[in-house]
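Residues per chain, in single letters:
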Amino acid sequence: MNEQNDRMTCETLLIETKGLCDLMMHGTIESATPDVRAAFSQALQDTLSMQQKIYDSMADKGWYPSAQAQSQQISQTKQKFANMQ
């Protein structure tokens, strides 16, 4: 595989893994019994771990650049949510 194919594969995996995280989260929230909730919760944690590994790999290769938030933006966001409580 060439780099472009590797990147496209990773992007697809990341998108699909995010979708799985969403499904597992909803399964956890909607679970009717503690055992089912625990199973979905563990599956969610496992899926989140996979998503993080894929993201980290892509970020290391420069395929998923992210910008650092400015301290002013962070303060404004904190204030916004503090006012909601």
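Our structure's up above, just so we're on the same page.
Rules and cut-offs
- Residues numbered from 1 in each chain as written.
- Predicted model: local features only at pLDDT ≥ 70, side-chain atom pairs only at ≥ 80, totals over all residues.
- Heavy atoms only, no water.
- Helix = DSSP H or I, 4+ residues; strand = E, 2+ residues; numbered from the N terminus.
- Buried < 20%, exposed > 50% of the residue type's maximum accessible area, 1.4 Å probe, protein only.
- Salt bridge = Lys/Arg side-chain N within 4 Å of Asp/Glu carboxyl O.

Draft legend 1. Representation of the overall build of the chain within the structure. Looking only at helices and strands, one finds three helices and zero strands in the chain. Each helix and strand of the chain, ordered N terminal to C terminal, gives the series α-α-α. Referenced to the eigenvectors of the C-alpha coordinate spread, the extents of the chain come out at roughly 45 × 40 × 15 Å. Here the chain holds 85 residues, and 16% of them are scored as buried.

Draft legend 2. Structural detail: the environment of glutamine 76. Mapping glutamine 76 onto the fold places it in helix H3 (residues 71-84). Separated by 58 residues in the primary sequence, glutamine 76 and lysine 18 have C-alpha atoms spaced 28 Å apart.

Draft legend 3. Structural detail: the pattern of salt bridges. Enumeration over the complete set of coordinates arrives at one salt bridge. For arginine 7, the salt bridge identified is with glutamate 11, shortest N-O distance 3.2 Å. With arginine 7 and glutamate 11 both in helix H1 (residues 3-30) and four residues apart, this pair spans about one turn of that helix. Assessed through its relative accessible area of 31%, glutamate 11 is described here as partly exposed.

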